[in-house]
Amino acid sequence: MSNPGQADPTPFTSARQLAEWFASGAKPREAWRIGTEHEKIGFRRDDLSPPDYATRGIGAMLEGIGKLGWEPITDNNNVIGLSRGTESVSLEPGGQFELSGAPLETLHETRLELAAHLRDVHAVAQPLGLGFAGMGFHPVAMREAMPWMPKSRYAIMRRYMPTKGSFGLDMMLRTATVQVNLDFGSEADMAEKLRVSLALQPLATALFAASPFLEGKPSGFLSLRGRVWTDTDPDRTGIPDCVFEEGFGFERFAEYVLDVPMYFVAREGKLWDVAGASFRDLMAGKIPGLRATMGDACDHVTTVFTDVRLKKFLEMRGSDSGSAPMLLAKPAFWVGLLYDDAAQKAAASLVRPWSVEQIRELRAAVPAKALHAEIAGRSLQDVARDALAISESGLKSRGLGEEAYLAPLHEIVASGQTQAERMLALFDGAWRGDAGQALRFMEV
């Protein structure tokens, strides 16, 4: 398999086509699935340095895992990912190692998938002297020390990102996330799920905060990754106003996506660098040699980095990567909120009094304050208790015992201490000021 490529050459001329593509993802409840993606920050065990692609590093990891029954994904003859059925392994720009899991029916299947993946990672990484940590931002490496993976789109983003924000390159090279992908049943269901999950995404950022260090020292943030995303590229990040507009639906989101500037256009296995150009100009034939296709539109959707992204499903994007139990708690939290009717209605009621401006203010405050932030006169820790109770009730209604995966979140909400605050306490105590110990402490 090769990448990139032009998936669908059908001429693309209107937002309606993209709206219909979004709409085609709607499924009956019995077909709803859970997809979990998690990135891990690599380090060399001897000196904690970030592994490069070539020298017994990330390329060797792909080669080793590829021998376990995966097909290579290539870009300019470099293996930059692996696929097996509906699962894939991919690389973020700085070598962050990612599993994009299969669409699964239950969280118990998610647990088994995670265990199998980590078993493979450990088996391949150990002889290479590598480890992988679940946290939101590299705790010690400087930006200049990070390697770049040989993926064509990253070269384009590397040039363009610094023109749009202060932390775009840090987002690419030094951050890692855990993400859950969930289905919707209809346009109305999508709209409610998207509004609820956007409103509660700052809460998820707080609950999963696990990135307190910058280049070996406390950064002043509990989710430095969350801070990075506030100054990456305002054209394609954050909380889009349109989601909260009256009558919001697939076509309105499609219009929003088409207003986001492009990065690239794929043709015959190569990428054209059109970063900053208007997709509407591409549609109108104003970019010499290129006309918009459906494949271009689908590629373009992947360059939208809103806190929750609509594709043919919804992607919850607001959380730092974390420990193995937290990698399971993330899908559990959102499945509980959004896969049970009563729970979804309760979550919608919880956030309904909040204005978009209040949600944005919370999002800005959370990277530094986590659960100590406030919204509408309430501490986020109090809001978290309510949201967690709703999620637990939603999971219990599924009757599968999946509520057990919320245990680490109950502990965080009860204590008010996030993974980041626990690391800071260790930094001041047992670690004796050595932030590099965070990599070993958070190894998955």
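Residues numbered from 1 in each chain as written. Predicted model: local features only at pLDDT ≥ 70, side-chain atom pairs only at ≥ 80, totals over all residues. Heavy atoms only, no water.

Chemist: I'm lost on the side chain of S100 in this one. Help?
Modeler: Of note, S100 is situated in strand β5 (residues 97-100). Once you skip the residues sitting within four places of it in the chain, S100 turns out to touch T36, E37, T86, E87, S88 and S90. (Helix = DSSP H or I, 4+ residues; strand = E, 2+ residues; numbered from the N terminus. Contact = heavy atoms within 4.5 Å.)

Chemist: Teacher, can you tell me more about the layout of surface pockets here?
Modeler: Over the atoms rolls a probe the size of a water molecule, and in doing so it shows where empty space is left. Its boundaries defined by the atoms lining it, the second largest pocket holds a volume of some 270 Å³. Lining the second largest pocket are 13 residues, with S323, E411, I412, Q419 and R422 sitting closest to its centre. Among the secondary structure elements, those contributing two or more residues to the lining of the second largest pocket are α11 (324-338), α15 (407-415) and α16 (419-428). By residue number, the principal contributor to the lining of the second largest pocket is α15, which donates 4 residues. Looking at the lining of the second largest pocket residue by residue, the class counts come to 6 nonpolar, 5 polar and 2 charged. (1 Å grid on protein atoms, 1.4 Å probe; cavity = no way out; pocket = protein on both sides within 12 Å on 5 of 7 lines; lining within 4 Å. Points joined across faces, edges and corners; volume = space filled by probe spheres on them. Nonpolar A, V, L, I, M, F, W, Y, C, P; charged D, E, K, R; others polar.)

Chemist: When you look at the pairing of strand β6 (residues 130-133) in this model, what are you seeing that I'm missing?
Modeler: The side chains of a regular strand alternate, residue by residue, between the two faces of the sheet. Along β6, one buried face is formed by L130 and F132 and the opposite face, lined by G131 and A133, is buried too. Pairing of strand β1 (residues 34-44) with β6 involves 4 bridges; the strand directions are antiparallel. Looking at β6, one finds that I41 is bridged to A133. (Buried < 20%, exposed > 50% of the residue type's maximum accessible area, 1.4 Å probe, protein only. Pairing = 2+ DSSP bridges.)

Chemist: Even after reading the chapter, I still don't get the pattern of salt bridges, so can you show me in this structure?
Modeler: For side chains of opposite charge, pairing can occur when their charged atoms come near one another. All told, the structure shown has 27 salt bridges when counted by the stated rule. Close ionic contact of K27 with D183 constitutes a salt bridge, the shortest N to O distance being 3.3 Å. Taken together, the residues K27 in the loop between α1 (15-23) and β1 and D183 in the loop between β7 (177-182) and α6 (187-207) connect sequence positions 156 residues apart. Owing to a relative accessible area of 6%, D183 belongs among the buried residues under this scheme. With a shortest N-O distance of 3.1 Å, D273 and R159 are connected by a salt bridge. One end of the pair, D273, is in strand β12 (residues 270-273); the other, R159, is in helix α4 (residues 152-160), with 114 residues separating them in the sequence. The network of salt bridges with shared partners includes R143, D170, R174 and E215. (Salt bridge = Lys/Arg side-chain N within 4 Å of Asp/Glu carboxyl O.)

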